[in-house]
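Observations on the three-dimensional arrangement
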Amino acid sequence: MRLLTHPRPLMGLTRSSRPMQAAAAPSAAEEQAWLEQARTLQRAVRAGRTQLLLRGKNLGLLCDDDTLPAAVFFRASASELGAHVAHIGMSLSERSPAQEVARTAHLLGRLYDAIECQGLAGALVGQLAELSGIPVYDGMALNAAQLTRLALLLGPESALADNRRVALQALLLHSIA
């Protein structure tokens, strides 16, 4: 999962305008913040006190098919926190004119608080992130390895699938709430 963003303060951290590399691991401070957020969510679920922490947030899901497992997983995880998730069919490609990409990115930045891109070329995702002014995720829900690693750090008290959902929700909260 790559989180591509514009510079904006985030829970005491400053995000860089440079896209994170696909293979780059989160910093120790980022990982600790994500884990703490995930543990807070976990405790709330166990106590029956879940909250709609993303109420009023609009997320875009750019993918060809929103019925695929990763798209359904992203939508369900974000919706549980109160976010509205809209499927956006993509007609852009790496060969799209720069002006068309820029217009689309600016429009997406006005309509959504964040965007999850699934199945788009990395270069195109990077352009959208650079030009939209909002957090743009490059296959956040597709990166089973990173979500599973975070889920395992949450412990065996909950099912792995539940921990993966909580890990994804923590990543969302960390970047847009």
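Placed above this text is the structure.
An account of the accompanying structure is given in this report. Quantities reported herein were computed from a predicted structural model and do not represent experimental measurements.

Describing the packing of helix α1 (residues 28-46) against helix α5 (residues 144-153)
The interhelical angle for the contact between α1 and α5, taken along N-to-C directions, is 65°, at an axis separation of 10 Å. The element α1 and its partner α5 pack so that their crossing is right-handed. Contact with α1, carried on its side by E31, W34, L35 and R39, involves Q146, R149, L150 and L153 of α5 and no other residues of that element. Looking at the contact of α1 with α5 residue by residue, the classes come out as four nonpolar, one polar and three charged.

Focus: helix α3 (residues 98-111)
With 14 residues, α3 should cover 20 Å at 1.5 Å per step; its first-to-last C-alpha distance of 20 Å lies within 8% of that length. For α3, every residue scored as buried is listed here: V101, A105 and L108. Summarising the axial view, the buried residues of α3 lie within an arc of 65°, below the 170-degree limit, and thus occupy one face. Those residues of α3 that are exposed and aimed more than 90 degrees away from the buried face are Q99, R103 and R110.

Quick notes on the pattern of salt bridges
Scanning the model with the defined rule gives six salt bridges in all. R149 is paired through a salt bridge with E31; the nearest N and O atoms lie 2.8 Å apart. Within this pair, whereas R149 is found in helix α5, its partner E31 is found in helix α1, the two being separated by 118 residues in sequence. By relative accessible area, which is 35% here, R149 ends up partly exposed. Across the salt bridge formed by R75 and D66, the nearest N and O atoms sit 3.1 Å from each other. Residue R75 is classed as partly exposed on the basis of its relative accessible area of 25%.

Some remarks on the packing of aromatic side chains
Taken as a whole, this structure holds zero aromatic pairs when the rule is applied. In this arrangement the basic side chain of R164 is found over the ring face of F73, its NZ or CZ atom lying 5.0 Å from the centre.

Quick look at the nonpolar core
In terms of nonpolar packing, the biggest core is built from 31 residues, with L54, L59, F74, L168 and L172 touching the most fellow members. Counting only elements with at least two residues in this core, the list comes to α1, β4 (58-62), α2 (69-80), α5 and α6 (160-176). Ranked by the residues each element gives to this core, the list is headed by α6, at eight residues. Every residue in contact with L168, bar those within four places of it in the chain, is listed here: F73, F74, S77, M140, A141 and L147. Counting 18 residues, the second-largest nonpolar core is a separate cluster that includes L62, L92, V101 and L108.

Some words on the pairing of β4
β4 sits mainly inside the fold: four of its five residues count as buried. When β4 meets strand β5 (residues 84-88), the two strands line up parallel, connected through five bridges. The partner of L59 across the bridge, within β5, is V85. In this view, the connection linking β4 to its parallel neighbour β5 by way of α2 has right-handed handedness.

What counts and how
- Residues numbered from 1 in each chain as written.
- Predicted model: local features only at pLDDT ≥ 70, side-chain atom pairs only at ≥ 80, totals over all residues.
- Heavy atoms only, no water.
- Axes fitted to C-alpha atoms, helices over the stretch in contact; angles between N-to-C directions.
- Helix = DSSP H or I, 4+ residues; strand = E, 2+ residues; numbered from the N terminus.
- Left-handed = near helix turned anticlockwise from the far one by under 90°.
- Contact = heavy atoms within 4.5 Å.
- Nonpolar A, V, L, I, M, F, W, Y, C, P; charged D, E, K, R; others polar.
- Expected span 1.5 Å × (residues − 1).
- Buried < 20%, exposed > 50% of the residue type's maximum accessible area, 1.4 Å probe, protein only.
- Arc of directions from axis to C-beta.
- Salt bridge = Lys/Arg side-chain N within 4 Å of Asp/Glu carboxyl O.
- Phe/Tyr/Trp six-rings, centres within 6.5 Å; stacked < 30°, edge-to-face > 60°.
- Lys NZ or Arg CZ within 6 Å of the ring centre and 35° of its normal.
- Core = buried A, V, L, I, M, F, W, Y, C linked by side-chain atoms within 4.5 Å.
- Pairing = 2+ DSSP bridges.
- Right-handed = clockwise from strand over helix to strand, strands pointing away.

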